[in-house]
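Observations on the three-dimensional arrangement
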Amino acid sequence: LVCWISIDLGDADLGALELFGIGVQHSITQYLIDPPVDVAAGIMYQSFDVGDGIIDSQTLQFNVTGSKRFGVLEPYLGLGFDTFDMSGEYTNEREDVDVEVDFDRESNVHFTVGGRLNFRYAILHAEFNAAAETGVAAGLSVGL
């Protein structure tokens, strides 16, 4: 997976917004003899920048996911490790002061539990993620 977005925000103070991401997931199951579950390992990197240093952020994630298919239902569990780093700067024009912020790199264990419904032309999925921030996700994929 590769994604890239670059937008000129049209504001001389902000400049451009850029998002870049790359990730890969590889099946470990193919190297095992009659495994009880499907196992995959992955890595993902993403950067998000606004202007020339207004916001600079990077994230990196490593994960391992296991799943087992029962007809159309496929529950899965994932365990990962995330890192996040961010800095920023701006000028307070009222007080003519440059402000710089540099957050410490944050690293966390990431746990995922979810499931998919695999139909012929559509896949529904929902998951719960517990990490530095807890969240839920749901989605629909359609294909031929």
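Here the structure is shown first, and the text comes after it.
So, a few notes on the structure that sits alongside this text.

Procedures and definitions
Residues numbered from 1 in each chain as written. Predicted model: local features only at pLDDT ≥ 70, side-chain atom pairs only at ≥ 80, totals over all residues. Heavy atoms only, no water. Helix = DSSP H or I, 4+ residues; strand = E, 2+ residues; numbered from the N terminus. Salt bridge = Lys/Arg side-chain N within 4 Å of Asp/Glu carboxyl O. Buried < 20%, exposed > 50% of the residue type's maximum accessible area, 1.4 Å probe, protein only. Contact = heavy atoms within 4.5 Å. 1 Å grid on protein atoms, 1.4 Å probe; cavity = no way out; pocket = protein on both sides within 12 Å on 5 of 7 lines; lining within 4 Å. Points joined across faces, edges and corners; volume = space filled by probe spheres on them.

Side note on unusual backbone geometry
You will see that Asp34, though not glycine, has its phi angle at about 45°, which is positive. Of note, Asp34 is situated in the loop between strand 2 (16-27) and strand 3 (38-50).

Details of the pattern of salt bridges
Opposite charge on two side chains permits them to pair, given that their charged atoms come into close proximity. All chains considered together, the criterion is met by two salt bridges. When the shortest N-O distance is used, the salt bridge between Arg116 and Glu74 registers 3.5 Å. Taken as a pair, Arg116 in strand 7 (residues 106-118) and Glu74 in strand 5 (residues 73-92) lie far apart in primary sequence, 42 residues in all. You can call Arg116 partly exposed: its relative accessible area is 31%. Residue Glu74 is classed as buried on the basis of its relative accessible area of 12%. A salt bridge links Arg105 to Asp85; the shortest N-O distance between them is 3.8 Å. Here Asp85 lies in strand 5 and Arg105 lies in the loop between strand 6 (97-102) and strand 7, a separation of 20 residues in the sequence.

Digging into the environment of Leu124
Topologically, Leu124 is positioned in strand 8 (residues 122-130). Judged by its relative accessible area of 37%, Leu124 is partly exposed. Along the sequence, Leu124 and Leu73 sit 51 residues apart, while their C-alpha atoms lie 9.8 Å from each other. Setting aside residues no more than four positions away along its own chain, Leu124 makes contact with Gly115, Arg116, Leu117, Phe119, Gly139 and Leu140.

Observations regarding the layout of surface pockets
Of the pockets and cavities examined, the largest pocket occupies roughly 1100 Å³. As for the largest pocket, its lining consists of 40 residues, and the residues nearest its centre are Gln25, Gln61, Asn63, Thr65 and Glu127. Those elements that provide at least two residues to the lining of the largest pocket are strand 2, strand 3, strand 4 (55-67), strand 5, strand 7 and strand 8.

The values are spatial; any link to function lies outside them.
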